[in-house]
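Listed below are the residues making up each chain.
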Amino acid sequence: MAQATTLNEQPKTAGGDEPELTDGFHLVIDALKLNGLTTIYGVPGIPITDFGRMAQAEGIRVLSFRHEQNAGYAAAIAGFLTKKPGICLTVSAPGFLNGLTALAHATTNCYPMILISGSSEREVVDLQQGDYEEMDQLAIAKSLCKAAFRVLHAADIGIGVARAIRASVSGRPGGVYLDLPAKLFGQVMNAEAGRKSLVKVIDAAPAQIPAPSAIARALDVLKSAKRPLIILGKGAAYAQADEAIKALVEKSGVPFLPMSMAKGLLPDTHPQCAGAARSTVLKDSDVVMLIGARLNWLLSHGKGKAWGDAPKKFIQIDIEPKEMDSNVEIVAPVVGDIGSCVAALLDGMGAKWNAAPADWTGTVAAKREENVAKMAPRLMNNNNPMDYHGALGVLRTVIKERPDAILVNEGANTLDLTRGVIDMYKPRKRLDVGTWGVMGIGMGQCIAAAVETGKPVLAIEGDSAFGFSGMEVETICRYELPVCIVVFNNDGIYRGTDVNAVSKDPAPTVFVKGARYDKMMEAFGGVGVNATTPDELKRAVNAAMDSGRPTLINAVLDPAAGSESGRIGNLNPQSVLKKK
Ligand code: OXT
Ligand code: ADP
Ligand code: MG
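No experiment lies behind these values; they were computed from the predicted model shown. (Residues numbered from 1 in each chain as written. Chains lettered and ligands numbered in written order. Predicted model: local features only at pLDDT ≥ 70, side-chain atom pairs only at ≥ 80, totals over all residues. Heavy atoms only, no water.)

A word on the overall build of the chain
A count of helices and strands for the chain gives 22 helices and 19 strands. Whereas a compact globule of 580 residues would reach a radius of gyration of roughly 25 Å, the chain reaches 26 Å, a difference of no more than 12%. Counting every position in the chain, which comprises 580 residues, the buried fraction comes to 56%. Put simply, 77% of the contacts in the chain that link residues at least 6 apart link residues at least 24 apart. (Helix = DSSP H or I, 4+ residues; strand = E, 2+ residues; numbered from the N terminus. Rg over C-alpha atoms; globule rule 2.2 N^0.38 Å. Buried < 20%, exposed > 50% of the residue type's maximum accessible area, 1.4 Å probe, protein only. Contact = heavy atoms within 4.5 Å.)

As structure tokens, this is what we get:
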């Protein structure tokens, strides 16, 4: 292992001048900058306070949050949006643990992210002598992320950062933990040696070219289909192979079903989009090609009632070989990066490719039109108090008129209904709770989306969901970000109508009635609006999106409008022994 050179060991320069020196602080900053990582999301404190200041002085954008979890969610989604690891910086023990949820979330969702945490001194931690914020962070992080590294010597910082970058973005992307003990920051070494120790990572996520035989096999299976379906997942959105994916879908003529965060890869209004015919295409398809989507709970594991009785063949395109056969047999695995795989499939299809059978595409289109027509009148109501459909009817138009805006969405009913109602038109514009269905991603995603893309952000938040990260409205105001938050305020989790029949305590799912979340934004200088009808909501959102001023609209919803657990009530166990 390279040893950190101390000041005393520095050779004098030829003229006897003092050697130019650097230290751990600057080496970490230089290593990040050398690799184009110029934004840090975090919370300062011992031992990284000065690091944040120095990073800012060296031209890195440092966004200081109110809680590390939100900074972590910001870094995670920055990774998804940019294909570069999002950087989250925290203090030791509690700060590290606060960031760790987001790191695990990034890993679960296949987003590249690096959590950098300061830590206590090894000698004290290892002897468990009770250091300030003592914790063996590396050991704890290891099981919750893709890779974890610790750097003890300044001369190893370049290699440590390079390893973290490579581990996060290569193959299946994920979260990486980088442990930097306090002492490392202050280590001093010769600046020239320091510069030489840094590594500019070359080809961090190398293309993974699929085997020609795998491509031929996949095309044979697709060709044999009578009722083919393509499912696009957030891996397809992440891959940024938008044109090739569009070409594949259109050349094949196959109906496509976008998973939540793949909406907009092709517009939801595309004639082949089967989003509004979900049950039909899952049940009745005979060949399913998965592109960057896993057969996990969100796809009912590829089997059971949702998939119907008809036998099905699966083709799966994924960078992770171990993903194949994880839930059902994959008859045509295509392992590689989506850009390379889709290009090879297009190549293999040649100039002539028979479009999908017309009776199948006709059936899907008819079902889609039926469902869209069924929903349309519900979106036009101007009820007071509002219901979800009345409010979403308005917000749907806001996105239609501003297809470049980023939509952030969390909640239960608020999530499920927004996903169904609001059409997306462009790739990577819809950000949400992801694979874990986690509440609390909202404000971190808003901040990173605004910072990374420079586009306006519209967040549609359940009142419970918003509460997990609501304090970050101050951060949004402080950095003057163009974020409009609409809180669907139905007085609680799922509904605001639950009653506790046995004591004075409120029922576990309800909140203070008539709460005014808009006042939170006003407290920090942003715009707050209380909206009780779809018309009021429309005016307020349009004004916010046009002005770009931080805005929070408290959208008063009928407390009885939602259902328990939204559309996943089937996953919510109910006791048969309930007493009351
Ligand atoms: O084909 P059919 O006929 O079946 O129809 C389908 C589509 O074809 C059709 N459709 C359309 N029709 C017309 N037009 C259009 N455009 C259209 N598009 C689609 O609509 C239906 C449904 O389509 P969909 O949505 O695609 O299909 P479906 O069957 O719903 O899909 C299944 C799934 C699984 C893919 C989908 O449901 C999905 O993605 N679900 C994700 C669910 C999820 O992740 N939920 C979040 C977690 S819930 C719970 O855990 C909550 N908690 C606990 C908690 C969590 N999560 N985290 C932490 C850290 N702590 C605690 C909490 C606290 S939620 C929650 C707070 C909730 O309260 P809030 O106040 O925030 O929110 P409210 O509920 O609003 O009060
Ligand atoms: P969704 O929730 O939208 O269905 P998932 O997160 O379940 O999506 O699946 C994403 C999949 O995409 C993961 O299995 C991951 O390995 C894969 N993936 C991510 N990036 C790429 C890429 N560039 N090329 C190929 N596969 C990828
Ligand atoms: Mg609610």
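Examining the site of ligand 1
Taken together, 34 residues sit near ligand 1, with Ser 279, Tyr 388, Thr 414, Asp 463 and Arg 567 positioned nearest. In the model, an oxygen atom of ligand 1 is placed 2.8 Å from a nitrogen or oxygen of the Arg 419 side chain. Side-chain polar atom of Arg 567 to an oxygen atom of ligand 1: 2.6 Å apart, as the coordinates give it. Of all the secondary-structure elements, those providing two or more residues to the shell around ligand 1 are helix H13 (278–284), helix H15 (358–375), helix H17 (413–421) and helix H19 (463–467). It is H17 that provides the largest number of residues to the shell around ligand 1, a total of six residues. Grouping the constituent residues of the shell around ligand 1 by class yields 17 nonpolar, 12 polar and five charged. Counting residues domain by domain, the shell around ligand 1 receives three or more from each of domain 2 (212–366) and domain 3 (381–556). (Near = heavy atom within 4 Å. Polar contact = N/O pair within 3.5 Å; in protein donor to acceptor, adjacent residues only side chain to side chain. Nonpolar A, V, L, I, M, F, W, Y, C, P; charged D, E, K, R; others polar. Domains from an automatic or database assignment.)

Looking at the nonpolar core
One finds Tyr 41, Phe 51, Ile 245 and Ile 485 to be the most contacted residues of the largest nonpolar core, which totals 135 residues. When residues of this core are assigned to their parent elements, the largest contribution, nine residues, is made by helix H3 (residues 68–82). When near neighbours in sequence (up to four residues on either side) are disregarded, Phe 51 contacts Phe 25, Val 28, Ile 29, Leu 32, Ile 40, Leu 89 and Phe 185. One finds Ile 399, Val 421, Leu 537 and Ile 553 within the second-largest nonpolar core, a separate group that totals 28 residues. (Core = buried A, V, L, I, M, F, W, Y, C linked by side-chain atoms within 4.5 Å.)

With respect to a nonpolar patch on the surface
On the surface, a nonpolar cluster with roughly 210 Å² of combined accessible area is contributed by Leu 97, Ile 140 and Leu 144. Relative accessible area serves as the criterion here: at 36%, Leu 97 is assigned to the partly exposed category. (Patch = residues over 30% accessible without salt bridge, like charges linked within 9 Å, V, L, I, M, F, W, Y side chains within 5 Å. Areas by Shrake-Rupley, 256 points an atom, 1.4 Å probe, with all protein chains shown as cover. Salt bridge = Lys/Arg side-chain N within 4 Å of Asp/Glu carboxyl O.)

With respect to the site of ligand 2
In the neighbourhood of ligand 2, 19 residues make up the surrounding shell, with Arg 172, Lys 234, Arg 294, Asp 318 and Ile 338 lying closest. Arg 294 is positioned such that a nitrogen or oxygen atom in its side chain is 2.8 Å from an oxygen atom of ligand 2. Surface burial for ligand 2 is 96%, taken as the share of its 580 Å² of free accessible area covered by protein chains. Per-element tally for the shell around ligand 2: the top contributor is helix H11 (residues 234–238), with three residues. Of the residues contributing to the shell around ligand 2, the split by class is eight nonpolar, six polar and five charged.

Regarding the layout of surface pockets
Taken as a whole, the second largest pocket holds about 360 Å³ of empty space. Taken together, 20 residues line the second largest pocket, and the ones lying closest to its centre are Leu 379, Met 380, Gly 393, Val 394 and Thr 397. Breaking the lining of the second largest pocket down by element, the ones donating at least two residues are helix H16 (388–401) and helix H22 (534–547). Looking at the lining of the second largest pocket element by element, the count peaks at eight residues for H16. For the lining of the second largest pocket, the per-class residue count stands at seven nonpolar, seven polar and six charged. (1 Å grid on protein atoms, 1.4 Å probe; cavity = no way out; pocket = protein on both sides within 12 Å on 5 of 7 lines; lining within 4 Å. Points joined across faces, edges and corners; volume = space filled by probe spheres on them.)

A look at the packing of H16 against H17
Where H16 contacts H17, the two axes come as close as 10 Å, and the packing angle between them is 50°. By the angle between their axes, H16 is oblique relative to H17. In the crossing of H16 with H17, the sense of the turn from one axis to the other is right-handed. Counted together, Tyr 388, His 389, Leu 392 and Arg 396 of H16 and Asn 413, Thr 414, Leu 417, Thr 418 and Val 421 of H17 form the full contact between these two elements. Of the residues assigned to the contact of H16 with H17, the class counts are four nonpolar, four polar and one charged. (Axes fitted to C-alpha atoms, helices over the stretch in contact; angles between N-to-C directions. Parallel < 35°, antiparallel > 145°, perpendicular 65-115°, else oblique. Left-handed = near helix turned anticlockwise from the far one by under 90°.)

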